[in-house]
Amino acid sequence: MKRSARIRIFVIVFVVATALSLANFAAAQKITVDANPSHVVNTFSPPHALGAAIDRLRTGTPDHLLTGQMLQEILEAGWQTVTYRQNTELMVEAWHWNARGTWSNASKQEGYFAGDANPTDEMIHHSWAYPLPHRGFSRGDGNGWSRLTDGDLNSYWKSNPYLTKAFTGEDDSLHPQWVMIDLGSKIDVNAIRIAWANPYARKYSVQFWTGELEPFYDGTTKGTWQTFPMGSIMEGKGGTETLKLVSWMVPVRYIRIWMTESSSTCDSHGSADKRNCLGYAINELYVGALSANGEFNDYVTHFPSRQQTITWPSSVDPWHAASDLDESRGDQVGFDFFFRSAITRGLPTMVPIAMLYSTPEDAANEIEYLYKRHYSISWIEMGEEADGQHMLPEDYGALYVQFATAIHKVVPEAKLGGPPFEGTFGDVEVWPDANGKVSWLGRFFDYLKSHGRMKDFTFFSFEHYPYQDRPTYSWADLYPEPGYVSHIVQVWKDDGLPPDVPFFMTEGNIGGGAPPSTVKSGLWLADYVGSMMSEGAGATYYFHYMPYPGSVSGFGTFLLIDSNYKVLSYPPQYFAAQLITKDWVQPVDAPHRQFKAASDVVDAAGNVLVTAYAVERPDKQWSVMLVNRDQYNDHSVELVFADESKRERHFSGTVARTTFGSNEYQWHQQGETGHADPDGPPSKTSLNSAPDTVFEIPKASITVLRGTLGR
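Residues numbered from 1 in each chain as written. Predicted model: local features only at pLDDT ≥ 70, side-chain atom pairs only at ≥ 80, totals over all residues. Heavy atoms only, no water.

1. Thoughts on the sheet that holds strand E6 (residues 101-105)
Sheets are built from strands that pair by backbone hydrogen bonding, the pairs being arranged parallel or antiparallel. Here is the rule we go by: Two strands qualify as a pair provided DSSP detects at least 2 bridges between them. Secondary structure elements follow DSSP: runs of H or I of four or more residues count as helices, runs of E of two or more count as strands, with numbering from the N terminus.
Taken together, the three strands give an open sheet; going across it, the order is E6-E7-E19, and neighbouring strands pair in antiparallel fashion. One side of each edge strand has no neighbouring strand; the edge strands of this open sheet are E6 and strand E19 (320-321). When E6 meets strand E7 (residues 110-115), the two strands line up antiparallel, connected through four bridges. Bridge pairing in E7 links threonine 102 to alanine 114.

2. Things to note about the confidence of the model for the protein
Stated formally: A score between 0 and 100, pLDDT records how confident the predictor is in each residue. In what follows, a contact means two residues having at least one pair of non-hydrogen atoms within 4.5 Å.
Summarising the model, the protein shows a mean pLDDT of 93, and 95% of its residues fall at 70 or more. Within the model, pLDDT remains below 50 along residues 1-26, and this stretch shows five contacts once partners closer than five positions in the same chain are excluded.

3. Quick word on the nonpolar core
Put simply, the rule is: Among the buried residues, those of types Ala, Val, Leu, Ile, Met, Phe, Trp, Tyr and Cys that are joined through side-chain atoms within 4.5 Å form a nonpolar core. Classification of residues uses two cut-offs on accessible area relative to the type maximum, computed with a 1.4 Å probe and protein chains only: under 20% is buried, over 50% is exposed, and between them is partly exposed.
Ranked by size, the top nonpolar core spans 186 residues in total, and within it Trp79, Ile343, Met382 and Tyr545 carry the most contacts. Aside from chain neighbours lying at most four places away, what touches isoleucine 343 is Ile54, Leu66, Leu71, Ile74, Leu75, Gln80, Val82, Phe338, Tyr545 and Met546. By size, the runner-up hydrophobic cluster in this structure holds nine residues, among which are Ala53, Phe459, Tyr465 and Phe504.

4. Things to note about the sheet that holds strand E31 (residues 622-628)
Put simply, the rule is: Fitted lines through C-alpha atoms serve as axes, helices being fitted only where they are in contact, and the angles separating the N-to-C directions of these axes extend from 0 to 180 degrees.
Here seven strands make up an open sheet; going across it, the order is E2-E28-E30-E31-E39-E34-E37 and the pairing antiparallel. The strands lining the two open edges of the sheet, one partner per strand, are strand E2 (42-44) and strand E37 (683-689). Sheet twist, expressed as the mean angle between neighbouring strand axes with direction ignored, is 25°. Relative to strand E39 (residues 701-709), strand E34 (residues 651-661) runs antiparallel, the two being bridged by eight bridges. Counted as the bridge partner of threonine 658 is valine 704 from E39. Its contacts with the sheet put helix H12 (residues 572-584) on E2, strand E28 (592-595), strand E30 (610-616), E31, E34, E37 and E39, and the angle it makes with E39 is roughly 10°.

5. A closer look at the pairing of strand E23 (residues 459-464)
Quick reminder of the rule: The handedness of a crossover follows from its direction of travel: if, with the strands pointing away from the viewer, the path from the first strand over the helix to the second runs clockwise, the crossover is right-handed.
Within E23, six of the six residues are buried, which leaves it mostly tucked inside the rest of the structure. Taken together, the three bridges between strand E22 (residues 416-421) and E23 define a ladder with parallel strand orientation. Along E23, the bridge assignment pairs phenylalanine 421 with phenylalanine 462. For the crossover from E22 across helix H9 (residues 440-450) to E23, the handedness is right-handed.

6. Examining the packing of helix H10 (residues 481-494) against helix H11 (residues 520-534)
The following threshold applies: With respect to orientation, any angle under 35 degrees is reported as roughly parallel, any angle over 145 as roughly antiparallel, any angle of 65 to 115 as roughly perpendicular, and every other angle as oblique. Handedness of a crossing follows from how the near helix is turned relative to the far one, being left-handed for an anticlockwise turn of less than a right angle and right-handed for a clockwise one. Under the scheme applied, nonpolar residues are Ala, Val, Leu, Ile, Met, Phe, Trp, Tyr, Cys and Pro; charged residues are Asp, Glu, Lys and Arg; polar residues are all the others, including Gly.
Interaxial distance between H10 and H11 falls to 9 Å at its minimum, and their mutual angle equals 30°. Relative to H11, the element H10 is oriented roughly parallel. The interaxial crossing formed by H10 with H11 has right-handed handedness. Across the interface between the two elements, Glu481, Pro482, Val485 and Val489 from H10 touch Trp524, Asp527, Tyr528, Ser531 and Met532 from H11. Split by residue class, the contact of H10 with H11 holds six nonpolar, one polar and two charged.

7. What to know about the side chain of serine 662
Going by this rule: The term polar contact refers here to a pair of N or O atoms within 3.5 Å; inside protein, the definition further demands a hydrogen-donor-capable atom paired with an acceptor-capable atom, and it admits residues adjacent in sequence only when both atoms are side-chain atoms.
Position of serine 662 among the secondary structure elements: in the loop between E34 and strand E35 (665-670). Separated by 3.5 Å, the side chain of serine 662 and the backbone oxygen of lysine 699 make a polar contact. Setting aside residues no more than four positions away along its own chain, serine 662 makes contact with Val519, Lys699 and Ala700.

8. Some details on the state of the cysteines
Selection rule: Note that a disulfide, as used here, is simply two cysteine sulfur atoms within 2.5 Å.
Tallied over the full model, the rule gives one disulfide. A disulfide bridge connects cysteine 266 with cysteine 277, and the sulfur atoms are separated by 2.0 Å. Across the S-S bond of cysteine 266 and cysteine 277 the torsion is about 90°, and the bridge reads as right-handed. With cysteine 266 in the loop between strand E15 (250-262) and strand E16 (281-290) and cysteine 277 in the loop between E15 and E16, the pair connects residues that are 11 residues apart, well separated along the chain. According to the relative accessible area criterion, cysteine 277 is buried, its value standing at 8%.

Here it is in structure tokens:
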């Protein structure tokens, strides 16, 4: 071949190669990290900020889950600090955190129970729940039912005596108690029959809801409670009252009895304890039509099960008896067993008190007990999901003040907070107060401020389950997650959350629609943790941390295990947790600085397909977690760090790369269950990086890139 021909071929090859290289570089999209030191969005220590939540466990399982090889498998995921959840409040139960204690009516083993604050040689291994006999809820967790429509005139609902003037120091009209009945659909009614127990209401109003949606959640601000024309009672006499509410028929679904003055007559438990004589009590409710001749036609279903007509109350009296114990409903895990297992890793633990259905003395004794045992406590959560129990913020505030006073009397340094909220996409709203204010959190802050008690509120907590109640699910559910997080955090700030008060997501997961058959739940977890921490969270806690034999649900299954507690499979969230806790961050108790990152990897609808979360670790390495939410396509990205001078910097030298996604995990369905093959582990490689390096991010994956920046 002639030399000129060789030159022409070389030039052509060079031009083609250069064109292909430029084309590939042009195809690469950009992730830009705002690395300006003054733009740090969060500084956190992983052992204290990246944790998991432990709830009530199925009876008989704690000894298997919190010991031996099973516990080691759980810990190997890398979550650090833990929060102990208080599940009995969701079930409307009293919690005996210590079986040793005293009853207010010791001779009958009934009344108001307070656990013993003094440790003994006997360790608390289990703790149990006592369903409340004066419950008014037909719904909620568990299988409890209301006494308001159970058809038994010997049973009754009673409100919480700690919400009366004897304990709040405020007029009872400032803490009205109420019961609500849901007829299931709009029905023409004109009358109500109330079989009052003691204490009964002397002043009350019977009201109906004007909105088309339910009075809670979606419909809270889309209707009003309107008193029936003849529904205002100023001199109630108790007994069974049949009230004609209107001279015509009104189509209603929801009816509320709003009570503002009590008779203070004692209930069936006698006058020895003043709490028996405070608040309001009702044996049974009837709603229907009253004819001209006085005949009453009742539309309510009365039955001692969840088949009854649904009712909701403002509060429930925590009175109960030893005979109410039900160990089959689950084990809250005894505190001594819990703290002496390795599950806490010796780190400070967030613990709860029961507050909605308990007494200040019992809560104070619990915290005193834990401190006497010298267990490491970080924060104390006051009650559980008051918004989910439909408790008004002023009532929660009144209990909060009483319980805080009792706790600080024995442990002045205890750090208290809450509420915690149920998972929500927006502000938690309640029926408007006299000023028209509907924000639950804002009104709670108003209550604490008006009583000079904001100093008792040292942290704010909430839960996060974005897809728990969705009727259908799709892969696209992944896209809005960072927006959900940033929106809800801003809502809390707009509600008046003080900037110096830390906030924690104390229990959360994708909630549904992400079984182990796809890596979706793992991708969601990485996206969620990265976005929540980038919004400034003090900590985030994963839930469900504890696996259950045979469970293959979509509720964030963490480990699939058999009846012998042997691991069958490691679902996607297990590997995602490892990438977060062991690769993205450095698992040491030292500050990590987080910076925001922007991505231009979007689809035609504007959905960001590759999200990014950057931290500067204490080992001086930069670590970027990239979540490719594109189910079918790999993406090539250029990674840029913009410093305070807006100069672009890049990884230089060796970059460690860890990836977990659909290439490392594939599910094979077998009947109602199945198995994964491959079932991890994440792939690990290293590469040399330069300013023009393009990083390939596989489809449906989490990738962590870690290295140092060039000058």
